[in-house]
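# Reading the structure
The residues making up each chain are set out below.
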Amino acid sequence: MPMLGLGTWENDDHDQCVESVRTALEMGYRHVDTAQAYRNEDAVGEGIAAADVDREDVFLATKVWTSNLSAEDVHASVEDSLDRLGTDYVDLLYVHWPAGDYDPGETLQAFDELYDSGTIERVGVSNFEPEHVETAREHLDAPVFANQVEMHPLLPQTELREYAAETGLELVAYSPLKRGEVFDDPTLTAVADEHGVSAAQVSLAWLREKGVTTIPKATGDEHIRDNLESLSLSLSDDEIGRIDDIDSRDRQVHPDFAPEAWG
Ligand code: NAP
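Note that this is a predicted model, so its numbers are computed, not measured. (Residues numbered from 1 in each chain as written. Predicted model: local features only at pLDDT ≥ 70, side-chain atom pairs only at ≥ 80, totals over all residues. Heavy atoms only, no water.)

## Let's talk about the overall build of the protein
We count it as follows: Helix and strand definitions follow DSSP, with helices as H or I runs of at least four residues and strands as E runs of at least two, each counted in order from the N terminus. In this setup the radius of gyration rests on C-alpha atoms only. A globule is expected at 2.2 Å times the number of residues raised to 0.38. Only protein chains enter the accessibility calculation, which uses a 1.4 Å probe. A residue is then buried if its area is under 20% of the maximum for its type, exposed if over 50%, and partly exposed in between. We call two residues in contact when some of their heavy atoms are within 4.5 Å. Where accessible areas are quoted, they stem from the Shrake-Rupley method and a 1.4 Å probe; at the residue level, only the protein chains shown are allowed to cover. In this count, Lys and Arg are taken as positive residues and Asp and Glu as negative ones, while His and the chain termini are left out. Taken as the charge location is NZ of Lys, CZ of Arg, CG of Asp or CD of Glu.
From N to C terminus, the protein includes 10 helices and eight strands. The C-alpha atoms of the protein give a radius of gyration of 18 Å, which matches the 18 Å a tight globule of 263 residues would have. C-alpha atoms of the protein, sized along the principal axes, occupy 55 × 40 × 30 Å. Here the protein holds 263 residues, and the buried ones make up 55% of them. Residue pairs at least 24 apart in sequence account for 76% of intrachain contacts in the protein once pairs closer than 6 positions are excluded. Carbon and sulfur atoms make up 42% of the accessible area of the protein, which amounts to about 11400 Å² in all. Taking the 18 positively charged and 57 negatively charged side chains of the protein as two groups, their mean positions are separated by 5 Å.

Structural data, given as C-alpha cells:
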C-alpha cells in the first residue's frame, strides 16, 4: 500500500473532485481513499479514468457505510460502488465503523465472499479498537489488512500502534492534518520553520516515521503538491522526540455512534 494517499471526504463538488484525483495521480500519488458515505465515488472513478495512469497502478480504497453492513447490503452496495468507481475490483474495502448494521459474523462473511471472488483484494476496518479487530479476526478467513483511524501528533494512538506492530496490522491515519489544524500547534510550526516546509509536511513525515500510511485530503494543486513533498522530509530523532512530547490531545471525529471508549 503506498504510504501516502489522497483523502476525498468533503471533496464533493463533482468536477472539482475529478480534477483533484486526476491532478494527484499525475503528480505521483498512487493511493486514493473514498467511501460510499462521501457520495463522490463516481467523481473519484472519473478522476482515475482521466489520469494518465493505469488503473492497476492505483491503490483504490472505499468503505461500506454503517447502513449497508447486512450481508445482502454489503453485496448490493459494493456492486453499486464498483459501478460508480468504474472498476471491477478495489484494492481495499473497509468496514467504515463498527456501528449501525455491523454484525461481525454476517458482515465479515460477506467481506470474505468478496475477497474469495477477487472483487476486493484486501479487507480493512476503520474506527476499530483492538477488541473489535480481535473479534473481526475470529470471524474472518481473510486477513485484516489495515485499520483506518484518526491519527496525528495530537492523537498519537499509542495503544493502537503497539497492537498493530504486535499483530501485523497496517495503520492508515485519517485526518492526519487534524483537519487543517496542525498549523496551530507551536511545536509542529517550529519544526516546520526549521526545515522551511509546512506544518502539514511535518505531521505527515512524523506519521510516516511511525510506519503509518497517511491519506491527507487536499483539493487544489498547491496542497496536493505540498503533501506529496512530505515524502522527502526526514525528521531527526530529536525532532521526532519533540513531537512525541506534545501533550495536548484532540480528537476531531467523534460521531455519537463511535465506540464507547472514545468517551
Ligand atoms: P485532513 O486531511 O487532516 O485535513 C484536510 C484539510 O486540510 C482540508 O481543509 C484541506 O484543505 C487542508 N489541507 C490539506 N493539505 C494542506 C496543506 N498542505 N496546507 C494547508 N492546508 C491543507 O482531514 P480529513 O479530510 O478529515 O482526513 C483525510 C481523509 O481521511 C479524508 O478526506 C477521508 O478520505 C479520510 N477520513 C476517514 C474517516 C473514517 O471514518 N474512516 C474519517 C475522516 C476522514 P483543501 O481541501 O482546501 O486542500
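## With respect to the nonpolar core
Threshold: Residues belong to a common nonpolar core when they are buried Ala, Val, Leu, Ile, Met, Phe, Trp, Tyr or Cys residues joined through side-chain atoms within 4.5 Å.
Val-21, Leu-25, Val-44, Leu-93, Phe-111 and Leu-235 are the most contacted members of the largest nonpolar core, which totals 70 residues. The element best represented in this core is helix 8 (residues 199–209), accounting for seven residues. Residues contacting Leu-25, with those up to four places away along its chain left out, are Arg-30, Val-32, Gly-47, Ile-48, Ala-51, Val-53 and Val-58. Ranked by size, the runner-up nonpolar core spans 13 residues in total, among them Trp-97, Ala-146, Val-172 and Tyr-174.

## Topic: the environment of Ala-50
With respect to the secondary-structure elements, Ala-50 resides in helix 2 (residues 41–50). Considered as a pair, Ala-50 and Arg-208 are 158 residues apart in the sequence and their alpha carbons are 29 Å apart. In contact with Ala-50, not counting residues within four places along its chain, are Arg-22 and Glu-26.

## Describing the packing of helix 3 (residues 71–85) against helix 4 (residues 104–116)
Just so we agree on the cut-off: Only C-alpha atoms enter the line fits that serve as axes; for helices the fit covers just the stretch in contact. Angles between N-to-C directions range over 0 to 180 degrees. Reported orientations rely on four angle classes, namely roughly parallel under 35 degrees, roughly antiparallel over 145, roughly perpendicular from 65 to 115, and oblique for the rest. With the far helix as reference, a near helix turned anticlockwise by less than a right angle produces a left-handed crossing, and one turned clockwise produces a right-handed crossing.
Between helix 3 and helix 4, the least distance of the axes is 8 Å, while the angle of their chain directions is 40°. Regarding the angle of helix 3 to helix 4, the classification is oblique. Considering the relative orientation of helix 3 and helix 4, their crossing is right-handed. On helix 4, the residues that touch Ala-71, Val-74, His-75 and Val-78 of helix 3 are Glu-106, Thr-107, Ala-110, Phe-111, Glu-113 and Leu-114.

## Details of the pattern of salt bridges
Selection rule: Criterion for a salt bridge: a side-chain nitrogen of Lys or Arg within 4 Å of a carboxyl oxygen of Asp or Glu.
Across all of its chains, the model carries 12 salt bridges by this definition. Among the salt bridges present, the one from Glu-10 reaches Arg-179, with a minimum N-O distance of 3.0 Å. With Glu-10 in the loop between strand 1 (6–7) and helix 1 (14–27) and Arg-179 in the loop between strand 7 (170–174) and helix 7 (186–195), this pair connects stretches of sequence that are 169 residues apart. Where Glu-19 meets Arg-22, a salt bridge forms, and the shortest distance between an N and an O atom there is 2.6 Å. Remark: Arg-22 and Glu-19 occur in helix 1; sequence separation between them is three residues, near one turn of the helix. Look at Glu-19 and you get partly exposed, because its relative accessible area is 35%.

## Things to note about the site of the ligand
Selection rule: Nearness here has a simple test: a residue counts as near a molecule or strand if at least one of its heavy atoms is within 4 Å of that partner. Counted as a polar contact is a pair of N or O atoms within 3.5 Å, where, for protein atoms, one must be capable of donating a hydrogen and the other of accepting one, and residues adjacent in sequence contribute only when both atoms are in side chains. Definitions used throughout: a 1 Å grid over protein atoms alone; a cavity as a set of points that fits a 1.4 Å probe which cannot get out; a pocket as an open set with protein on both sides within 12 Å along at least five of seven lines; a lining residue as one with an atom within 4 Å of a point. More than half of a molecule's atoms lying within 2 Å of a cavity's or pocket's grid points is what places that molecule inside it. Following the grouping adopted for this structure description, the nonpolar residues are Ala, Val, Leu, Ile, Met, Phe, Trp, Tyr, Cys and Pro, the charged ones are Asp, Glu, Lys and Arg, and the polar ones are all others, Gly among them.
For the ligand, the set of nearby residues contains 28 residues, the closest of which are Asp-33, Ser-175, Leu-177, Thr-219 and His-223. At a separation of 3.3 Å, an oxygen atom of the ligand approaches a polar side-chain atom of His-96. Taking Asn-127, its side chain carries an N or O atom lying 2.9 Å from an oxygen atom of the ligand. Applying the majority rule of atoms within 2 Å of the grid points places the ligand in the largest pocket. At three residues, helix 9 (residues 221–229) tops the list of elements feeding residues into the shell around the ligand. Of the residues belonging to the shell around the ligand, the class tally is 11 nonpolar, 11 polar and six charged.

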